[in-house]
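# Structure at a glance
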Amino acid sequence: GFLFAEKCPVLSRTEFADVTAEMYPLGTRLYYECDSGYMRRSGHYLGIRCQSTEQVASWTYKEFECIDEKILLSMASAMELDFTQKPERKTQSPAPQKRENLSEFDQKDFCGPPKTVPHASLILNNHYYVGQVLHFKCQSGYDKRPPTSGTRRCKKVNGKIIWTHLDMRCTNDS
């Protein structure tokens, strides 16, 4: 059965903190962005999605690559661009690694961290779904007052979708 993913309210930025996630609920979409000096090959799609395949949550990747702009430009001028369209291939991510402390998480409903792609990085996500847990850590220099890390969870309470409170403040004065 397809699970309709419910969106969480947009989070305001936590100042001087880095945000990471280790698990993503089904329905989550993430997007890659080519690093500076690289371009995506024309027609390639940079998004991935957490979907359930045979009762296991895994990322669905479409093939894409980020190519050095200099190479791309020299290729373009060398030949009058006769790119033949290859049929789209879907590549499946490897099965999620089992982790010991996932007692409250079910591998059926969460994807692990997406794979790294050469010359590309994930764009910080701002659409999260119910069940998402985010980890916050104060950036170096702003970790003078404990606690310097914490988590927020997106959950449904009495039919309302909320983020749990984050009990930390990142500051550079002790």
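All of these numbers come straight from a predicted model, not from anything done at the bench.

## Topic: a nonpolar patch on the surface
The grouping of Tyr31, Tyr45 and Ile123 at the surface amounts to a nonpolar patch, some 260 Å² of accessible area in total. For Tyr45, a relative accessible area of 37% corresponds to the partly exposed category.

## Brief notes about the packing of aromatic side chains
Tallied over the entire structure, the rule returns 5 aromatic pairs. Between Tyr31 and Tyr45 the ring centres are 6.4 Å apart and the planes differ by 90°, which places this aromatic pair in the edge-to-face class. Taken together, the positions of Tyr31 in strand β3 (residues 29–34) and Tyr45 in the loop between β4 (38–40) and β5 (47–53) put the pair 14 residues apart, joining distant regions of the chain. Using a relative accessible area of 35% as the deciding quantity, one classes Tyr31 as partly exposed. Consider the rings of Tyr32 and Phe64, whose centres lie 5.4 Å apart with planes at 50°: the pair is tilted. Within this pair, whereas Tyr32 is found in strand β3, its partner Phe64 is found in the loop between β6 (56–62) and β7 (66–68), the two being separated by 32 residues in sequence. Looking at Phe64, the relative accessible area reads 11%, which means it is buried.

## Some thoughts on the state of the cysteines
Tallying each qualifying case throughout the model produces 4 disulfides. Note on cysteine connectivity: Cys8 is disulfide-linked to Cys154, with sulfurs 2.0 Å apart. The S-S bond linking Cys8 to Cys154 shows a torsion near -110°; that makes this disulfide left-handed. Taken as a pair, Cys8 in the segment before β1 (17–20) and Cys154 in strand β12 (residues 149–157) lie far apart in primary sequence, 146 residues in all. Taking the relative accessible area as the measure of exposure, Cys8 reaches 8% and is therefore buried. Residue Cys154 is classed as buried on the basis of its relative accessible area, which comes to 1%. What pairs with Cys50 in a disulfide is Cys111, and their sulfur atoms sit 2.1 Å apart. Its S-S torsion of approximately 95° makes the covalent link between Cys50 and Cys111 right-handed. Linking Cys50 in strand β5 with Cys111 in strand β9 (residues 110–111), this pair joins segments that are 61 residues apart in sequence. Residue classification places Cys50 among the buried residues on the basis of a relative accessible area of 2%.

## Concerning the side chain of His44
Among the structural elements, His44 can be located in the loop between β4 and β5. Its relative accessible area of 18% is what places His44 among the buried residues. For His44, the residues in contact, after removing those within four places along its chain, are Glu63, Phe64 and Glu65.

## Structural notes on the pairing of strand β13 (residues 160–163)
With 4 bridges joining them, β12 and β13 adopt antiparallel strand pairing. Bridge assignment links Lys156 to a residue of β13, and that residue is Ile161.

The rules behind the values
Residues numbered from 1 in each chain as written. Predicted model: local features only at pLDDT ≥ 70, side-chain atom pairs only at ≥ 80, totals over all residues. Heavy atoms only, no water. Patch = residues over 30% accessible without salt bridge, like charges linked within 9 Å, V, L, I, M, F, W, Y side chains within 5 Å. Areas by Shrake-Rupley, 256 points an atom, 1.4 Å probe, with all protein chains shown as cover. Salt bridge = Lys/Arg side-chain N within 4 Å of Asp/Glu carboxyl O. Buried < 20%, exposed > 50% of the residue type's maximum accessible area, 1.4 Å probe, protein only. Phe/Tyr/Trp six-rings, centres within 6.5 Å; stacked < 30°, edge-to-face > 60°. Helix = DSSP H or I, 4+ residues; strand = E, 2+ residues; numbered from the N terminus. Disulfide = S-S within 2.5 Å. Contact = heavy atoms within 4.5 Å. Pairing = 2+ DSSP bridges.

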